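Architecture at a glance
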Amino acid sequence: MTRIGFLGVGHLAEEMITGLLRSGLPAGEMILSRRGHGPELAERHGIALATDNGALVAAAEIVLLATRPADAVAAVTGLGWRTGQILVSACAGVSLTELRAAVRPAGVARIMPLTAASIGASPTTVYPDLPALRPLLARLGAVIPLADETGFETATVSAAIYGWAQVLIGLGRDWSLAHGLAPETARQLAAETFVAAGRMIAERPEPVETLLQSLATPGGITECGLQVLEARNVEASWTAACEAVLEKLTGAAPAARSA
Ligand SMILES: NC(=O)c1ccc[n+]([C@@H]2O[C@H](COP(=O)([O-])OP(=O)(O)OC[C@H]3O[C@@H](n4cnc5c(N)ncnc54)[C@H](OP(=O)(O)O)[C@@H]3O)[C@@H](O)[C@H]2O)c1
C-alpha cells in the first residue's frame with residue numbers, strides 16, 4: 001500500500017480527497033495534516049490525522065502539498081524526508097528548485113489540479129511525469145504531462161481560465177434568468193453548453209477551426225454575436241488576462257520571458 005499524505009488541507013485538498021474517495025481509494029491509504037479542514041475530514045471519512053507534519057512525512061510515501069504558495073517551502077522544510085519518497089506540490093508558482101532544496105533526498109513533482117477533481121473531471125497537469133504518480137492522478141480525471149517546467153507554468157494559466165469559464169457560465173445563467181427562464185433551466189443550460197463545447201473539441205479529431213466553421217454559418221446567430229465580441233476587443237482582453245496570470249506565476253513580463 002502506498003500511503004498518501006496531505007500537507008495543507010484547505011479548499012483544494014478537500015476537493016482532491018473527495019475525488020480520491022469517490023474513485024474508490026480506501027480512507028486507510030490517506031493521512032492528513034492537522035490544520036484547516038484536516039480534523040473535520042478525518043472525523044467524517046475515517047482518515048488518519050497526523051500528530052504533526054513530521055509524523056505525516058514519516059507515514060506517507062507520497063506527500064501532496066496544498067498550502068498557500070507563500071507557506072509552501074517553510075511547510076516542507078526540516079521534516080525528515082527520505083529517498084524514494086515523492087513530494088507532489090499543487091502550489092501555484094512555487095518552483096521545483098525551491099522545493100527540491102527543501103525536501104532532499106525525496107523526489108519532487110508539480111501538479112495543477114482543478115476543483116473538478118472532486119467529481120473525477122480535473123485535467124491535472126504534471127511535471128515531471130513520474131510513473132509512480134500516474135495511478136493516483138488518473139483517479140481525479142485526465143492526466144496532462146508537460147515536457148518542461150516552463151511549459152508547466154504556461155499550462156497553469158488554464159487553472160485561472162477554469163474560473164473565468166465559471167464566470168461566463170454565471171453570466172449566461174443571469175442573462176437567461178433576466179429574460180424569463182426558470183432558475184434551474186438557466187443554470188443547467190449555461191453549464192451544459194460549456195460542457196458540450198469542451199467535449200466536442202476534446203473528443204472530436206477535427207481542427208478547432210473546422211468545428212467552429214461548421215456552426216458559425218454566414219449570417220447566423222453565432223456569427224452575429226462573435227461580431228459584437230470582436231468589435232469590443234474580447235480577444236485582446238482575453239490574451240491580456242492570460243499574460244497577467246503567467247506574469248504573476250513566473251514573476252517575468254512577456255518581453256523578459258521571450259528574451
Ligand atoms: N483552490 C484551488 O482551486 C486550487 C487549484 C489548484 C491549485 N491550488 C493551489 O493549492 C494550494 C492551496 O490552495 P487552497 O485554495 O486550498 O488554500 P487554503 O484553502 O487556504 O488551504 C491551505 C491550507 O494549508 C494550511 N497550512 C498552511 N501552512 C501549513 C502547515 N505548515 N502545516 C499544515 N497546514 C498548513 C492552511 O491552514 P490555516 O488555515 O491554519 O492557515 C490551510 O488550511 C495553493 O498553493 C494553490 O496555488 C488551488
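Criteria and cut-off values
- Residues numbered from 1 in each chain as written.
- Predicted model: local features only at pLDDT ≥ 70, side-chain atom pairs only at ≥ 80, totals over all residues.
- Heavy atoms only, no water.
- Helix = DSSP H or I, 4+ residues; strand = E, 2+ residues; numbered from the N terminus.
- Expected span 1.5 Å × (residues − 1).
- Bend = angle between axes of the 7 residues up to and from the residue.
- Buried < 20%, exposed > 50% of the residue type's maximum accessible area, 1.4 Å probe, protein only.
- Contact = heavy atoms within 4.5 Å.
- Polar contact = N/O pair within 3.5 Å; in protein donor to acceptor, adjacent residues only side chain to side chain.
- Core = buried A, V, L, I, M, F, W, Y, C linked by side-chain atoms within 4.5 Å.
- Salt bridge = Lys/Arg side-chain N within 4 Å of Asp/Glu carboxyl O.
- Domains from an automatic or database assignment.
- Near = heavy atom within 4 Å.
- Areas by Shrake-Rupley, 256 points an atom, 1.4 Å probe, with all protein chains shown as cover.
- 1 Å grid on protein atoms, 1.4 Å probe; cavity = no way out; pocket = protein on both sides within 12 Å on 5 of 7 lines; lining within 4 Å.
- Sits in = over half its atoms within 2 Å of the grid points.
- Nonpolar A, V, L, I, M, F, W, Y, C, P; charged D, E, K, R; others polar.

1. A word on helix 7 (residues 149–178)
Between its first and last C-alpha, helix 7 extends 45 Å over 30 residues, near the 44 Å set by a 1.5 Å rise per residue. Of all the bends in helix 7, the largest measures some 25° and sits at Ala160. Within the span of helix 7, buried status applies to Phe152, Glu153, Ala155, Thr156, Val157, Gly170 and Ser176. Elements that come into contact with the buried residues of helix 7 comprise strand 6 (107–112), strand 7 (124–127), helix 8 (183–203) and helix 11 (234–250). With a side-chain oxygen lying 3.3 Å from the backbone nitrogen of Thr150, the N-terminal cap of helix 7 falls on Asp148. Gly180 lies just past helix 7 and shows a positive phi near 100°.

2. Remarks on the nonpolar core
General note: in soluble globular proteins, nonpolar side chains tend to be found buried as a group. In terms of nonpolar packing, the biggest core is built from 29 residues, with Phe6, Ile17, Met30, Leu32, Ile111 and Leu133 touching the most fellow members. Of all the secondary-structure elements, those providing two or more residues to this core are strand 1 (4–7), helix 1 (11–22), strand 2 (30–32), helix 2 (38–45), strand 4 (62–65), strand 5 (86–89), strand 6 and helix 6 (134–138). When residues in this core are grouped by element, the largest group, 4 residues, is from helix 1. If we ignore the near neighbours within four places in the chain, the residues touching Ile111 are Met16, Leu64, Val88, Ser89, Ala90, Thr124, Thr125, Val126, Leu137 and Phe152.

3. Some words on the pattern of salt bridges
On inspection of all chains with the given rule, the structure shows 9 salt bridges. Between Glu203 and Arg199 there is a salt bridge, with its nearest N and O atoms 2.8 Å apart. Of the two residues, Glu203 and Arg199 are both situated in helix 8; the distance of 4 residues between them amounts to about one turn of the helix. Overall, the relative accessible area of 48% leaves Arg199 in the partly exposed class. A salt bridge links Glu206 to Arg204; its shortest N-O distance comes to 2.8 Å. A relative accessible area of 28% places Glu206 in the partly exposed class. Here Arg204 falls in the partly exposed class, since its relative accessible area comes to 38%. The network of salt bridges with common partners includes Glu14, Glu40 and Arg44.

4. Concerning the side chain of Ser89
Of note, Ser89 is situated in strand 5. Only 3.1 Å separates the side chain of Ser89 from the backbone nitrogen of Cys91, close enough to count as a polar contact. Once residues within four sequence positions are removed from consideration, Ser89 is found in contact with Leu65, Leu99, Ala109, Arg110 and Ile111.

5. Things to note about the domain arrangement of the protein chain
Partitioning the protein chain into domains gives domain 1 (4–145) and domain 2 (157–248). Its C-alpha centre places domain 1 at a distance of 32 Å from the equivalent point of domain 2.

6. Some words on the site of the ligand
Contacts to the ligand come from 22 residues, most closely from His11, Leu12, Asn53, Thr67 and Arg68. Contact between the ligand and Arg68: an oxygen atom at 2.4 Å from a side-chain N or O atom of the residue. Take Ala92: an N or O atom from its main chain is 3.0 Å from an oxygen atom of the ligand. For the ligand, whose accessible area on its own is 890 Å², the fraction buried by protein is 77%. Judged by the proximity of its atoms to the pocket grid, the ligand belongs to the second largest pocket. Of all the secondary-structure elements, those providing two or more residues to the shell around the ligand are helix 1 and helix 4 (69–76). Per element, the largest residue contribution to the shell around the ligand is 3 residues, and it comes from helix 4. Looking at side-chain class alone, the shell around the ligand contains 11 nonpolar, 8 polar and 3 charged residues.

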